[in-house]
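Overview (structure and organization)
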Amino acid sequence: MRFPQISSSLLSADFARLGEEIKAVEPFVDMIHLDVMDGHFVPNISFGPPVIAALRTWTTLPFDVHLMLSPVDPFLKPIAKAGANIITVHPESGPHIYRTLQEIKALGCRAGVALNPGTPIESLPLLLPLVDLILVMTVNPGFGGQTFLKSQLKKIKDVRALINETNHDILLQVDGGISPDTAPLVIEAGANVLVAGTAIFHGKADKYEKNISHLRGIL
């Protein structure tokens with residue numbers, strides 16, 4: 001397995017040809033990142049289980065699904081059934097984050113917890129036994145193409161320290177403003193999975209390999 005891993009965010013891809021976009025990046029990335037947004041928890045709407053199920057037929061790469069929904073629990077089973085491999089949720093998106101993580105595991109998926117820029121890490125130690133991935137957001141969730149928030153680098157370092165104190169195999173993912181300029185900062189802080197959207201899906205599809213190679217080369 002390559003480290004750092006790259007999870008390509010379809011939020012920045014061409015929505016009219018998502019299947020083809022997946023095929024264009026498939027040989028060069030480690031996961032496909034799918035942001036499911038409801039226009040309520042975040043100020044945007046993306047796609048849901050039917051689209052994920054349709055895209056599942058295009059690749060065998062892991063589907064890394066980030067749920068920005070509230071309430072989130074009713075969507076866990078449909079998202080898992082649609083083909084998710086990792087389901088990441090926010091503590092704020094339901095009344096009982098521990099129960100939500102238990103349900104994700106019971107559905108046969110790996111469980112992730114996402115921290116918005118304003119979400120403290122104090123609850124994480126209690127959740128670590130259930131968590132396979134921790135996502136630190138380095139932008140406010142809801143839109144692609146935002147500017148990286150350097151204030152979140154300390155949080156990444158603090159989360160890395162928490163993970164290192166455990167015997168659990170937990171991925172530390174960072175999403176938001178990832179580019180050749182910011183990627184080295186988050187890797188140095190302790191991340192080992194980068195979510196990249198705009199940095200990958202700019203130019204035509206024949207440029208994606210070069211974009212990803214540039215990102216990996218910087219690292």
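Residues numbered from 1 in each chain as written. Predicted model: local features only at pLDDT ≥ 70, side-chain atom pairs only at ≥ 80, totals over all residues. Heavy atoms only, no water.

**Some points on helix α2 (residues 49–56)**
What counts is decided by this rule: Here's how the labels work: a residue is buried when its accessible area is under 20% of the maximum for its type, exposed when over 50%, partly exposed in between, all with a 1.4 Å probe on protein chains only. In DSSP terms, a helix is any run of H or I states spanning at least four residues, a strand is any run of E spanning at least two, and both are numbered starting from the N terminus. Of all possible arcs, the one meant is that of the directions from the helix axis to the C-beta atoms. Contact criterion: two residues are considered in contact whenever any of their non-hydrogen atoms come within 4.5 Å of each other.
Here α2 has its buried residues at Pro49, Ile52, Leu55 and Arg56. Seen along its axis, α2 keeps its buried residues to an arc of 125°; they face one direction. In this fold, the buried residues of α2 make contact with α1 (18–25), β2 (31–37), β3 (63–68) and α3 (73–82).

**Examining the pattern of salt bridges**
What counts here: When a carboxyl oxygen of Asp or Glu lies within 4 Å of a side-chain nitrogen of Lys or Arg, that pair is called a salt bridge.
Under the defined criterion, the tally for this structure stands at five salt bridges. Between Glu26 and Lys23 there is a salt bridge; the shortest N-O distance is 3.2 Å. Note on Lys23: relative accessible area 40%, which makes it partly exposed. A salt bridge links Asp30 to Arg216; the nearest nitrogen and oxygen atoms lie 2.9 Å apart. Of this pair, Asp30 sits in the loop between α1 and β2 while Arg216 sits in helix α8 (residues 208–218), and the two are 186 residues apart along the sequence. Here Asp30 falls in the buried class, since its relative accessible area comes to 12%.

**Concerning the nonpolar core**
As a rule of thumb, soluble globular proteins bury nonpolar side chains together. Threshold: For our purposes a nonpolar core is just a set of buried Ala, Val, Leu, Ile, Met, Phe, Trp, Tyr and Cys residues, chained together by side-chain atoms within 4.5 Å.
Judged by nonpolar contacts, the single largest core of 64 residues is most densely connected at Leu67, Ile87 and Ile134. No other element matches helix α6 (residues 153–164), which puts five residues into this core. Residues within four places of Ile87 in sequence aside, it is in contact with Val65, Leu67, Leu76, Ile79, Ala80, Ile104, Cys109, Arg110, Ala111 and Gly112. Counting nine residues, the second largest nonpolar core, distinct from the first, contains Met31, Ile86, Leu133 and Leu135.

**Quick look at the sheet that holds β2**
Spelled out, the test is: The rule for pairing is simple: two strands pair if DSSP sees at least two bridges between them. Angles shown run from 0 to 180 degrees and are taken between the N-to-C directions of axes, each axis being a line fitted to C-alpha atoms and, for helices, limited to the stretch in contact.
Read around the closed barrel, the eight strands follow the order β1-β2-β3-β4-β5-β6-β7-β8; overall the barrel is parallel. In this sheet, adjacent strand axes meet at a mean angle of 25° when their direction is disregarded. The pairing of strand β5 (residues 110–115) with strand β6 (residues 133–137) spans four bridges and is classified as parallel. Looking across to β6, one finds that Val113 is bridged to Ile134. Those strands touched by α3 are β2, β3 and β4 (86–89), and its axis lies near 155° from that of β4.

**Re the packing of aromatic side chains**
To be explicit about the condition: Put simply, two rings from Phe, Tyr or Trp (the six-membered ring, in Trp's case) pair if the centres are within 6.5 Å, and we call them stacked under 30 degrees between planes, edge-to-face over 60, tilted for the rest. By the criterion adopted, a ring carries a charge over it if an Arg CZ or a Lys NZ lies within 6 Å of its centre and within 35 degrees of its normal.
In this structure the tally under the stated criterion is two aromatic pairs. Ring centres of Phe15 and Phe47 lie 5.8 Å apart, and the angle between their planes is 45°; this geometry places the pair in the tilted category. One end of the pair, Phe15, is in the loop between β1 (5–9) and α1; the other, Phe47, is in the loop between β2 and α2, and 32 residues separate them in sequence. For Phe15, a relative accessible area of 41% translates into the label partly exposed. Ring centres of Phe201 and Tyr208 lie 5.1 Å apart, and the angle between their planes is 80°; on these two criteria the pair is classed as edge-to-face. Just above the ring of Phe63 sits the side chain of Arg56; from NZ or CZ to the centre is 3.8 Å.

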